[in-house]
Amino acid sequence: MTVPTDAVRDLTLSLPRAELPAYVYDLAALRAHAAAVRAALPGRVELHYAAKANPEPGILDALGPYVDGYEVASGGELDHVAKAVPGRPLAFGGPGKTPAEIVAALELGVARFHVESEHELHMLAELARQVVPDARVAVLPRFNLPVAAGSLADSSLAMGGRPTPFGLDPSRADTVVRLLTDGTYPHLELRGVHAHLASGLRAPQQLAVAGSVVDWAVRLAGRHGVRLAEVNVGGGMGVDYTAPGDRFDWAAYGAGLARLGDRYPELLLRIEPGRALTAYCGWYVTEVLDVKHSHGEEFAVVRGGTHHLRTPATKGHDQPCTLFAVEEWPHPWPRPAAHGELVTLTGQLCTPKDVLARRVPAPGLRAGDRVAFGLAGAYAWNISHHDFLMHPRPGFHFLGS
Ligand SMILES: *Cc1c(COP(=O)(O)O)cnc(C)c1O
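Note that this is a predicted model, so its numbers are computed, not measured.

Caption draft 1: How the structure looks around unusual backbone geometry. Of the consecutive residues L20 and P21, the connecting peptide bond is found in the cis state with omega at -5°. You can see P21 is positioned in the loop between α1 (6–14) and β1 (22–26).

Encoded structure:
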């Protein structure tokens with residue numbers, strides 16, 4: 001169960017039917033959460049927000065005072081984030097960067113490039129020579145490092161240490177460091193190392209990963225007699241959709257990063273979470289359109305569906321939700337209602353995949369009642385297939401702005 005703030009509850013109940021469904025972002029809650037995250041981190045750990053989790057301009061702006069910059073992973077995000085939060089440091093990552101995207105990033109003066117392959121390194125070097133001949137472009141090669149077996153056993157989206165299209169294979173690390181330090185590419189500077197190895201980790205696992213990434217990076221630099229200025233240990237801090245109240249332990253993580261930092265006082269550490277920063281501030285609110293009985297089970301069809309909130313379909317979970325009884329029933333015919341205890345909440349799409357939450361305790365749920373789905377502030381609207389079935393788009397509301 002996840003409990004909406006009073007402001008979210010009031011809006012859920014007061015929006016006219018025709019303005020549902022709607023996304024509601026509680027920016028006051030976001031600011032409070034981001035401030036707590038920032039406060040839990042040692043001063044010398046930099047915090048970037050991974051814009052792909054939710055690039056809403058209001059969200060990027062609300063995070064501004066608490067982050068040191070933003071990580072973008074496409075030319076589209078680069079352009080969008082540079083306009084939404086002008087002048088803030090950007091790191092440009094992501095696989096398959098095109099020459100046009102790299103030129104745009106160079107012209108914008110992005111602070112750091114997370115380089116995903118040797119091909120990309122050669123391309124960046126040549127484009128930097130042409131576009132910014134007087135600059136030295138900061139490069140952090142991204143490595144797909146093996147992470148301690150076991151530490152990622154229950155990570156839902158492990159990307160590191162197994163075959164993936166992300167980052168450079170560690171077997172290429174010495175070659176890449178040589179290219180960046182032997183004068184081959186004078187327009188590039190080896191600033192550090194980047195790794196983003198998994199999503200959905202708890203604090204102890206994240207710390208184990210961060211420790212092994214930093215140790216590996218320092219050994220790599222040592223072999224070449226160079227000093228790294230920074231190591232970016234990535235994002236992937238877990239959000240538990242089955243226990244929304246059980247948040248990532250930022251205090252333990254911050255304390256662990258402080259210990260890690262003490263071992264390498266020269267090194268700047270950076271993290272780039274997305275989901276764990278913004279998931280909690282977003283709500284998808286709607287009404288029950290119909291309640292149906294089918295072969296012994298009950299279904300409530302809500303206005304909207306997974307074409308707006310694809311998260312439960314992609315991750316295979318039940319989206320946490322809060323139900324609100326509405327007494328008013330404006331029609332002369334009987335009001336559909338659930339007879340049993342458990343009701344599956346589905347959307348308006350003509351596909352059995354359009355399930356938002358299975359077997360939710362909802363005795364007596366009726367058409368016209370309202371629902372607020374929580375944890376909809378990250379990888380929600382922006383990953384959804386909006387045009388499928390051509391239903392209207394939701395409204396967007398920003399509370400506390
Ligand atoms: C997606 C991504 C992130 C953010 O991941 P979360 O799970 O949202 O914290 C950070 N860095 C990179 C390179 C990513 O691809």
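Caption draft 2: Expanded view of the sheet that holds strand β10 (residues 268–271). Read from one edge to the other, the open sheet built from 9 strands follows the order β7-β6-β5-β4-β3-β2-β10-β9-β8, with strand pairing classed as parallel. Each end of this open sheet is capped by a strand with a single partner; those strands are β7 (188–190) and β8 (192–194). Strand after strand, the sheet turns through a mean of 25° between neighbouring axes, direction not considered. In the sheet, strand β2 (residues 45–50) pairs with β10 via 3 bridges, with the strands oriented parallel. Paired with V45 across the two strands is L269, which belongs to β10. The sheet contacts of helix α7 (residues 173–181) involve β6 (137–141) and β7, and relative to β7 the element is tilted by about 130°.

Caption draft 3: Here's a closer look at the pairing of strand β16 (residues 370–373). The side-chain alternation of β16 yields two buried faces, one formed by R370 and A372 and the other by V371 and F373. By the bridge criterion, 4 bridges tie strand β11 (residues 282–294) to β16 in an arrangement that is antiparallel. When the bridges of β16 are listed, V285 appears paired with A372. The sheet contact formed by strand β13 (residues 321–324) and β16 spans 4 bridges and is antiparallel. Counterpart to T322 in the pairing with β16 is A372.

Caption draft 4: Layout of the site of the ligand. Around the ligand, 14 residues are found, and the nearest of them are K52, G236, E272, R275 and Y379. Within the contact set of the ligand, an oxygen atom lies 2.9 Å away from a backbone nitrogen or oxygen of G274. Between an oxygen atom of the ligand and a main-chain N or O atom of R275, the distance comes to 2.8 Å. Out of a free accessible area of 390 Å², the ligand has 92% covered by protein chains.

Caption draft 5: Focus on α7. Where α7 is concerned, the buried positions are A173, V176, V177, L179 and L180. Projected onto a plane normal to the axis of α7, the buried residues spread over an arc of 160° and lie on a single side. Following α7 by one or two positions, G183 adopts a phi angle in the positive range, close to 90°.

Caption draft 6: Spotlight on the environment of A28. Tracing the backbone through its elements, the reader meets A28 in helix α2 (residues 27–40). On the basis of relative accessible area, A28 is assigned to the partly exposed category, the value being 40%. For A28 and S401, which are 373 residues apart along the polypeptide, the C-alpha to C-alpha distance reads 7.2 Å. Excluding its chain neighbours within four sequence positions, the residues that come into contact with A28 are L399 and G400.

Caption draft 7: Spatial organisation of the packing of aromatic side chains. All told, the structure shown has 13 aromatic pairs when counted by the stated rule. Seen in terms of ring centroids, Y23 and Y25 are 5.9 Å apart; in terms of plane orientation they differ by 20°. Their pairing is stacked. In this structure, Y23 and Y25 share a single accessibility class: buried. Ring centres 6.4 Å apart and planes at 35° place the aromatic pair Y284 and F373 in the tilted group. With Y284 in strand β11 and F373 in strand β16, this pair connects stretches of sequence that are 89 residues apart. Of the two residues examined, Y284 and F373, each falls in the buried class. Through a chain of ring-to-ring contacts, the aromatic side chains of Y23, Y25, Y284, F373, W381, F396 and F398 assemble into a single cluster. One residue, R247, lies across the ring of Y280, its end atom 3.9 Å from the ring centre.

Conventions and cut-offs
- Residues numbered from 1 in each chain as written.
- Predicted model: local features only at pLDDT ≥ 70, side-chain atom pairs only at ≥ 80, totals over all residues.
- Heavy atoms only, no water.
- Helix = DSSP H or I, 4+ residues; strand = E, 2+ residues; numbered from the N terminus.
- Pairing = 2+ DSSP bridges.
- Axes fitted to C-alpha atoms, helices over the stretch in contact; angles between N-to-C directions.
- Contact = heavy atoms within 4.5 Å.
- Buried < 20%, exposed > 50% of the residue type's maximum accessible area, 1.4 Å probe, protein only.
- Near = heavy atom within 4 Å.
- Polar contact = N/O pair within 3.5 Å; in protein donor to acceptor, adjacent residues only side chain to side chain.
- Areas by Shrake-Rupley, 256 points an atom, 1.4 Å probe, with all protein chains shown as cover.
- Arc of directions from axis to C-beta.
- Phe/Tyr/Trp six-rings, centres within 6.5 Å; stacked < 30°, edge-to-face > 60°.
- Lys NZ or Arg CZ within 6 Å of the ring centre and 35° of its normal.

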